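# Coordinates in review
What follows is the residue order along each chain.
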Amino acid sequence: MPTATRLPGVAELLEAAVAAVGGQRREGQDAMVQAVRKAITTGEHVAVQAGTGTGKSLAYLVPAIHHAVAKDSTVVVSTATIALQRQLVDRDLPRLAKALKPLLGRAPTFAILKGRRNYLCLNKLHGGDDADPADELFDPFAISAMGRQIKRLHEWADTSDKGDRDELVPGVPDATWRQVSVTARECLGAAKCPVGDDCFAEKARAEAGKADIVVTNHALLAIDALEGRPVLPEHDVVVVDEAHELVDRVTGVATAELTSTSIGIASRRLGKLVDQAVADRLAEAGEGLAMVLEDLPPGRWDSLPQAAVGALSAVRDAAASCKQSLGSERREEPDAAAGRKIAQASLDELADTAVRLLAAFEEPDPAKRRDVVWLAEQGPDGARHKVLRAAPLWVGGLLRERLFGRSTVVLTSATLALGGNFDTLARQWGLPPEKGADATADGAVEDDPIPDPDAPKWSGLDVGSPFAHGRSGILYVAKRLPPPGRDGLPPSYLDEIAGLVEAAGGRTLGLFSSMRAAKQATEALRDRLDTPLLCQGDDSTMQLVKKFAEDDATSLFGTLSLWQGVDVPGPSLSCVIIDRIPFPRPDDPLVAARQRATDARGGNGFLTVSATHAALLLAQGAGRLLRGMDDRGVVAILDPRLATARYGGFLRASLPPFWPTDDREKVHAALRRLRGA
């Protein structure tokens with residue numbers, strides 16, 4: 001193998017990689033490669049916006065592989081979606097390894113690593129835990145169905161090499177998978193587990209520990225950074241692809257919840273392990289919490305209700321008593337050890353959450369609190385129950401300390417520059433504005449929410465897109481329509497949608513802010529249009545997208561997963577319709593709390609939180625239009641506020657630079673020309 005001093009340069013490796021995939025070098029890709037190489041060399045973080053078609057995967061994988069081989073180290077690549085993980089592991093990395101082997105003297109190695117819960121636990125599958133499925137399911141038919149699914153999992157375990165849930169086709173429901181998997185807290189550990197030598201999760205970790213590139217997801221990256229338990233191999237460089245999703249995924253990992261159901265399950269698990277009176281005390285605490293929560297309305301808590309203080313204290317104290325009675329680890333049969341470990345994990349989680357909820361209000365100023373607490377309802381109609389949640393007000397401080405403070409980080413996505421710069425997302429990541437405080441669209445000055453003279457150094461780079469947006473696409477804002485209301489789509493919106501679909505001859509992706517609106521439009525227009533119309537929910541999303549792509553005349557309407565998950569190049573997609581600016585719900589407790597905290601610091605909470613959320617989704621939705629170099633079409637936004645509201649400039653600056661118009665007839669004529677009518 002070449003020594004580090006004789007290792008080929010990044011440019012030479014990129015040349016070989018591009019030739020291997022049958023592509024051609026692009027200016028944007030070259031610029032990104034150099035930016036990533038510089039970041040890895042200097043340790044200064046970098047955010048790179050790279051439009052569709054840039055070849056950004058190669059642009060970060062090539063310098064990452066060069067670094068891993070030269071330094072005999074591991075680079076972690078984190079993604080938000082399973083689709084991108086599969087693209088990297090099943091397509092990009094195998095081709096790269098083959099192409100670079102002659103130059104590097106060996107094939108670069110790679111592995112995929114997921115959270116322990118994603119792997120089958122052989123000990124639990126073969127009876128290491130005697131939990132009753134009825135603890136989670138109350139429908140006898142559902143329990144019977146679960147039994148059949150678990151039998152199938154036994155058969156699959158005998159043939160699977162990896163025990164990875166994503167490789168099980170067809171899959172099984174979450175409730176079933178929980179019966180055969182464990183969290184990191186519940187795991188006995190390979191040394192104590194009777195089947196530790198065959199553990200799928202341990203094998204995946206061992207493989208990852210030897211790899212040059214480890215592909216993981218944002219959730220596991222967050223667990224590794226936030227929870228103090230290293231789950232990823234030692235690494236000095238992290239590439240965060242789909243970085244626009246990072247804050248939401250980290251927030252999800254850092255959110256805790258407490259329900260009377262989870263307390264009841266924990267108490268039943270303890271039945272054979274501690275004195276029944278001790279377990280009963282925990283069960284009674286859960287019932288007491290349920291009674292208190294039942295009398296309280298859903299919504300954010302600005303102060304801790306007095307009744308909740310007693311209920312949460314009872315849960316905390318009962319969990320502590322159970323932990324004391326459970327005792328420390330002891331020598332015992334493996335089956336009993338597994339049950340004890342799972343019970344211990346449940347108690348730790350209950351106690352930690354109760355303590356966190358009680359401590360959340362110690363800071364009197366809501367804008368300075370660590371957590372936002374709210375009461376929600378969940379479950380199907382007729383079986384809804386209350387759940388108490390705590391989520392971090394901001395995750396930027398955590399990311400700054402535990403991600404950016406420990407590794408060199410490359411952040412990339414097709415959508416990072418919102419309102420024309422990177423600072424909006426940088427603040428959410430815990431990074432300072434790139435060039436100090438800057439003026440927002442309405443003139444307010446936004447300061448770094450986490451002032452720190454030792455803040456990490458970073459830079460932003462937009463390498464553009466190979467697409468000529470101004471010549472390939474039109475941005476149509478239906479300025480004459482009324483602002484959207486709360487009572488569904490008005491007739492004028494339905495007429496506008498029908499006109500666009502008819503002019504395009506189908507070929508339309510309708511992105512709606514709610515499933516209710518998508519279904520309303522489908523029901524109103526299905527018989528009115530001469531072309532086929534599909535709606536999300538008619539079939540699996542994957543099948544619907546496949547049907548849409550295969551028939552030029554078909555249109556597809558849907559909601560959130562379609563905004564970011566559709567890649568249909570070619571004539572099947574020439575019109576993207578967005579019904580309204582996708583602001584988050586104003587009654588969302590976390591959104592409202594973050595806006596209020598920003599306002600309290602003198603910033604613009606609406607622009608920083610709600611408008612940023614909307615800008616990201618708008619840019620992602622508009623990005624569905626051009627997926628290939630020959631694509632042409634229209635992005636039609638029906639919400640006139642994009643043109644008339646004060647914040648409209650910020651949102652428009654976040655969109656690709658399409659040719660703008662509010663002339664309906666020009667848009668219809670362009671769509672008719674595209675289909676050759």
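So, on to the sheet that holds strand E20 (residues 659-661). Taking strand neighbours across the sheet as the criterion, the seven strands line up as E16-E17-E15-E18-E19-E14-E20 in an open arrangement whose pairing is parallel. The outermost strands of the open sheet, each flanked by one partner alone, are strand E16 (533-535) and E20. If you compare each strand with its neighbour and ignore which way they point, the axes differ by 15 degrees on average. The sheet contact formed by E16 and strand E17 (residues 555-558) spans three bridges and is parallel. Bridged to Cys535 within E17 is Phe557. Along the sheet, helix H23 (residues 605-622) contacts strand E15 (508-511), strand E18 (575-578) and strand E19 (633-637); its crossing angle with E18, the most-contacted strand, is approximately 160 degrees. Most of the contacts of helix H26 (residues 664-674) go to strand E14 (residues 473-477), to which it runs at about 145 degrees, and overall it touches E14, E18, E19 and E20.

Let us now look at the nonpolar core. Grouped together as the largest cluster of nonpolar side chains are 88 residues, with contacts concentrated most on Leu120, Leu411, Trp429 and Leu651. Dropping the residues within four chain positions of it, Leu120 is found in contact with Leu125, Trp156, Ala157, Gly163, Trp177, Val180 and Phe200. If you look at the next biggest cluster of nonpolar residues, it comprises 39 residues, including Ile40, Val46, Ala68 and Val410.

Let us look at the pairing of strand E4 (residues 213-217). Burial within E4 is extensive, with five of its five residues counted as buried. The alternating pattern of E4 places Ile213, Val215 and Asn217 and Val214 and Thr216 on opposite faces, both of which are buried. As judged from the five bridges shared by strand E2 (residues 75-79) and E4, these two strands associate in the parallel manner. Each residue of the ladder has a partner; that of Val76, found in E4, is Val214.

Further remarks concern empty space enclosed by the protein. By the definition in use, this model includes four cavities of 30 Å³ or more. Here the largest cavity is characterised by a volume of approximately 200 Å³. Along the wall of the largest cavity there are 24 residues; nearest its centre are Cys121, Asn123, Val182, Cys187 and Cys193. For the lining of the largest cavity, the secondary-structure elements that each account for two or more residues are helix H5 (122-128), helix H8 (200-209) and helix H14 (334-359). For the lining of the largest cavity, the element with the most residues is H5, which contributes four residues. Tallied by class, residues from the lining of the largest cavity come to 15 nonpolar, four polar and five charged. In this structure, the second largest cavity encloses a volume near 100 Å³. As for the second largest cavity, its lining consists of 15 residues, of which Pro366, Arg369, Asp371, Val372 and Arg596 are closest to the centre. The set of elements that each furnish at least two residues to the lining of the second largest cavity consists of strand E7 (299-301), strand E8 (371-378) and helix H22 (589-600). A per-class count over the lining of the second largest cavity returns ten nonpolar, no polar and five charged.

Turning next to the confidence of the model for the protein. Taken as a whole, the protein shows an average pLDDT of 88; of its residues, 92% reach a score of 70 or greater. Taken together, the stretch residues 134-142 has pLDDT below 50 and engages in twelve contacts with residues farther than four places along the chain or on a different chain.

Attention now goes to helix H12 (residues 276-294). Here H12 is 19 residues long and its end C-alpha atoms lie 27 Å apart, about the 27 Å a rise of 1.5 Å per residue gives. Turning to H12, its buried residues number three or more, namely Val278, Ala279, Leu282, Ala285, Gly286, Leu289, Val292 and Leu293. All buried residues of H12 project into a common sector of 140 degrees when viewed along the axis, lining one side. Seen from the open side of H12, the exposed residues pointing more than 90 degrees away from its buried face are Ala277, Glu284, Glu287, Met291 and Glu294. At the N-terminal boundary of H12, the capping side chain belongs to Asp275, with an oxygen 3.0 Å from the backbone nitrogen of Ala277.

Moving on to helix H1 (residues 10-20). Listed as buried for H1 are Val10, Leu13, Leu14, Ala17 and Val18. The arc enclosing the buried residues of H1, seen along the axis, measures out at 130 degrees, which places them on a common side. The inward-facing, buried residues of H1 contact helix H2 (27-42), helix H3 (56-71) and helix H4 (82-104). A positive phi of about 70 degrees marks Gly22, the residue just after H1.

The rules we used
Residues numbered from 1 in each chain as written. Predicted model: local features only at pLDDT ≥ 70, side-chain atom pairs only at ≥ 80, totals over all residues. Heavy atoms only, no water. Pairing = 2+ DSSP bridges. Helix = DSSP H or I, 4+ residues; strand = E, 2+ residues; numbered from the N terminus. Axes fitted to C-alpha atoms, helices over the stretch in contact; angles between N-to-C directions. Contact = heavy atoms within 4.5 Å. Core = buried A, V, L, I, M, F, W, Y, C linked by side-chain atoms within 4.5 Å. Buried < 20%, exposed > 50% of the residue type's maximum accessible area, 1.4 Å probe, protein only. 1 Å grid on protein atoms, 1.4 Å probe; cavity = no way out; pocket = protein on both sides within 12 Å on 5 of 7 lines; lining within 4 Å. Points joined across faces, edges and corners; volume = space filled by probe spheres on them. Nonpolar A, V, L, I, M, F, W, Y, C, P; charged D, E, K, R; others polar. pLDDT = per-residue confidence, 0-100. Expected span 1.5 Å × (residues − 1). Arc of directions from axis to C-beta. Polar contact = N/O pair within 3.5 Å; in protein donor to acceptor, adjacent residues only side chain to side chain.

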